[in-house]
Amino acid sequence: MELDIRTLSIITVVFAAMSSLGMSAFGRDHSKYKGFRIFAGAFASMAVGFFLIALRDQTSQFYSIIVANFLILLGQILLYEGICVFRGGTFGIHVISYLILIPHTFFSWYFAFLEPSVNIRIVAIAIAFFVIRIASIYEIRNHSPKEHKSPVRLGSFLFGITAAYQLFRIIDAVYGDVIANFMQANIVHGIAYVLTQMLIVGFPFVILWMVSINLEMELINQAIFDPLTNVYNRRGIENMINRELANVIRNNEPISLIFVDIDNFKRFNDEHGHSFGDRVLKEIALVLQTQLRQHDVLGRYGGEEFLVVLPETGRNNAAEVAERIRKFVAENVIIIDDKEVSLTASFGLSACEDCDPDWERMLDEADMLMYQAKEKGKNRVEYFLDQS
């Protein structure tokens, strides 16, 4: 069985060119995702490099060996660089990866013109490929959110199998037959081409899979988070409450809800405008977050109303939390546009201890008690002393 190197080179040119065009088009239409222009450049560099190899014996060795290998290796490095940028890094931050080009280019020139040896040139570029592909695996696996688990596995497989095969190429080049002309190289090097084609075709799929997951996560976040305050919206906090209530039933633990309403909020909008009122809401959300535990749940229920869910917290402890927040809000000013703003808030608390949790009842109760706090002068916490 023979795999013609020239034919494989032309096929690789087609695959790399298509991947380059695809990455370029996607990057142009989705500029928020970084790295796609670098990916496009990587595949374009590889396409030109393999095209020059296809012209071996038809053009000078300088172009078909030195320039071709330089461009193919540059494409591999740009793939690695693109992954880094896609993950939030800065272009050029891994500048040391480009230094591989210097010794490799020297070896290509030396063993192409001074002491011609196809085998040594293969060893040189196989080592460079191995290093860059292992670095790419590290970058993919080390900086990926858990939601990218499946595409990360596929990407690691693509880079891993092609990197491992480079070791086999090195062994074959060192201990195998002397290769007089790379274009007549044995099947070992033909398979290397096939694996490279697999990487060129598979890698864009991996990246686009990650992007699709990111888009799905963004849609979910838009559905459950309030864009102004960055806390849960009404739908989001209701989903979280259902989860917490399931834990209450399963573990027989207490749970408490606190309704928080900013006192006299309308005057901020009337006196300073709605944008100022929005800033007030953002600041009060930040204040509430600083006063809660990590596993407590905070959401904007509507307008100037916030809802706090306190898992594993009974009535008395929840009352202490509400009172602490009330005092903190009342005793501290917030600065908005160089203006000192004093706030107070009214709190209604409902708790479930040793009872079957009824979300609607608890919510209605906390809402009613919050309005009682308003009627009794505001800036206070209201709750029933005897609940069951």
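Just above sits the structure.
What you see is a predicted model; the values in this text were computed from it and never measured. Residues take numbers from 1 onward in each chain, read along the sequence in its written order. Only residues with pLDDT of 70 or above have their local features reported here, since the model is predicted, and side-chain atom pairs are shown and tallied only from 80 upward, although totals for entire chains, interfaces and linings are computed over all residues. Excluded from the side-chain calculations are hydrogens and water; all other atoms, namely the structure's heavy atoms, are used.

Comments concerning the overall build of the protein chain
Next, step 1: Numbering of helices and strands starts at the N terminus; helices are DSSP runs of H or I of at least 4 residues and strands are runs of E of at least 2. On a plain count of helices and strands, the protein chain comes out with 12 helices and seven strands.
Next, step 2: Relative to the 2.2 N^0.38 estimate, which gives 21 Å for 388 residues, the radius of gyration of the protein chain is 31 Å and therefore markedly larger than a compact globule would have.
Next, step 3: Projected onto its principal axes, the C-alpha positions of the protein chain cover 95 × 50 × 30 Å.
Next, step 4: Contacts: residue pairs with any heavy atoms within 4.5 Å of one another. Long-range pairs, those at least 24 residues apart, make up 71% of the contacts in the protein chain between residues at least 6 apart in sequence.
Next, step 5: In these tables, accessible area is a Shrake-Rupley quantity obtained with a 1.4 Å probe, and a residue counts as shielded only by the protein chains included in the view. Of the roughly 19200 Å² of accessible surface on the protein chain, a fraction of 57% belongs to carbon and sulfur atoms.
Next, step 6: A positive count includes Lys and Arg, and a negative count includes Asp and Glu. His and the chain ends are not counted in either. To locate a charge, the coordinates of NZ of Lys, CZ of Arg, CG of Asp or CD of Glu are taken. Put simply, the protein chain has 34 plus and 43 minus side-chain charges, and the middle of one group is 5 Å from the middle of the other. Radius of gyration: C-alpha atoms only; globule rule: 2.2 Å multiplied by the number of residues to the exponent 0.38.

Structural notes on a nonpolar patch on the surface
Next, step 1: On the surface, a cluster of nonpolar side chains totalling about 770 Å² of accessible area is made up of F62, Y63, F106, F107, W109, F113, L114 and I120.
Next, step 2: Looking at the nonpolar patch, the elements that each hand over two or more residues are α3 (61–86) and α4 (101–114).
Next, step 3: The dominant element in the nonpolar patch, judged by the number of residues it contributes, is α4, at five residues.
Next, step 4: Position of F113 among the secondary structure elements: in helix α4. Note that patches include only residues with greater than 30% relative accessible area and no salt bridge, and the join distances are 9 Å for like charges and 5 Å for nonpolar side chains (Val, Leu, Ile, Met, Phe, Trp, Tyr). Take a side-chain nitrogen of Lys or Arg and a carboxyl oxygen of Asp or Glu: if they are within 4 Å of each other, that pair is a salt bridge.

Concerning α4
Because the α-helix completes a turn every 3.6 residues, residues three or four places apart line up on one side.
Next, step 1: Every helix has an expected span of 1.5 Å times one less than the residues it contains. For α4, spanning 14 residues, the distance from its first C-alpha to its last is 19 Å, which sits close to the expected 20 Å at 1.5 Å a residue.
Next, step 2: Taken residue by residue, α4 has L101, H104, S108, F111 and A112 as its buried positions. The arc enclosing the buried residues of α4, seen along the axis, measures out at 120°, which places them on a common side.
Next, step 3: Buried residues belonging to α4 abut α3 and α5 (118–142). Exposure is judged per residue with a 1.4 Å probe applied to protein chains only, and the accessible area is read against the type maximum: over 50% gives exposed, under 20% gives buried, and values in between give partly exposed. Think of it as the arc spanned by the lines of direction from the helix axis to the C-beta atoms.

Looking at the sheet that holds strand β7 (residues 381–383)
Next, step 1: Pairing between strands is defined by DSSP: at least two bridges between the two strands are required. Spatially, β2-β3-β1-β6-β7 is the arrangement adopted by the five strands of the open sheet, whose pairing is mixed. The open sheet is flanked by β2 (297–302) and β7, the only strands paired with a single partner. Averaged over all neighbouring strand pairs, the angle between strand axes comes to 20°, with direction disregarded.
Next, step 2: Sheet topology note: the strand β1 (residues 255–262)/strand β6 (residues 345–352) ladder contains eight bridges and is antiparallel. Counterpart to I255 in the pairing with β6 is C352.
Next, step 3: Every angle, taken between N-to-C directions, lies between 0 and 180 degrees, and every axis is a line fitted to C-alpha atoms, over only the stretch in contact when it is a helix. Contacts from helix α8 (residues 234–251) reach β1, β2 and β3 (305–311), with the element oriented near 135° to β2.
Next, step 4: Contacts from helix α11 (residues 315–331) reach β1, β3, β6 and β7, with the element oriented near 165° to β6.

Examining the pairing of strand β4 (residues 333–336)
Next, step 1: Here β4 shows a buried face lined by I334 and I336 and an unburied face lined by V333 and I335.
Next, step 2: In the sheet, β4 pairs with strand β5 (residues 339–342) via four bridges, with the strands oriented antiparallel. Across the sheet, the residue bridging to I336 is K339, located in β5.
Next, step 3: The antiparallel pairing of β4 with β5 creates a hairpin that spans two residues between the two strands, and D337 there sits at a positive phi of about 55°.

Brief notes about the environment of L363
Next, step 1: Turning to its location among the elements, L363 is positioned in helix α12 (residues 359–375).
Next, step 2: On a C-alpha basis, the gap between L363 and P145 in space is 35 Å, while along the polypeptide they are 218 residues apart.

Describing the environment of M362
Next, step 1: Inspection of the secondary structure assignment puts M362 in helix α12.
Next, step 2: What makes M362 buried here is its relative accessible area of 1%.
Next, step 3: Sequence separation between M362 and S256 is 106 residues, and the spatial gap between their C-alpha atoms is 8.3 Å.
Next, step 4: Once residues lying within four places of it in the same chain are set aside, the contact partners of M362 are I255, S256, L257, S350, A351 and C352.

What to know about the packing of helix α2 (residues 36–54) against α3
The packing of two helices is summarised by the inter-axis angle and the distance between the axes.
Next, step 1: Where α2 meets α3, the closest approach of the two axes is 7 Å, and the angle between their N-to-C directions is 165°. As far as their axial angle goes, α3 and α2 are roughly antiparallel. The element α2 and its partner α3 pack so that their crossing is left-handed.
Next, step 2: Residues that form the contact of α2 with α3 fall into these classes: 21 nonpolar, eight polar and one charged. Orientation categories follow fixed angle ranges, with anything under 35 degrees roughly parallel, anything over 145 roughly antiparallel, 65 to 115 roughly perpendicular, and all other angles oblique. For any pair of crossing helices, the crossing counts as left-handed if the nearer helix is rotated counterclockwise from the farther one by less than a right angle, and right-handed if it is rotated clockwise. Polar here means any residue outside two lists: the nonpolar Ala, Val, Leu, Ile, Met, Phe, Trp, Tyr, Cys and Pro, and the charged Asp, Glu, Lys and Arg; Gly therefore counts as polar.

Considerations on the side chain of S346
Next, step 1: On the secondary structure map, S346 appears in strand β6.
Next, step 2: Look at S346 and you get buried, because its relative accessible area is 0%.
Next, step 3: Of note is the side chain of S346, whose polar atom sits 2.7 Å from the side chain of D263.
Next, step 4: A distance of 3.4 Å separates a polar side-chain atom of S346 from the backbone nitrogen of N379.
Next, step 5: Ignoring any residue separated from it by four or fewer positions in sequence, one finds S346 in contact with F259, V260, D261, D263, M370, A373, K374, K378, N379 and R380. In protein, a polar contact requires one atom able to donate a hydrogen and another able to accept it; more generally it is a pair of N or O atoms within 3.5 Å, and residues adjacent in sequence count only if both atoms are side-chain atoms.

As for α12
Next, step 1: Taking 1.5 Å of rise per residue, 17 residues should cover 24 Å, and α12 covers 24 Å from first to last C-alpha, within 8% of that figure.
Next, step 2: Buried residues belonging to α12 abut α8, β1, β2, β3, β6 and β7.

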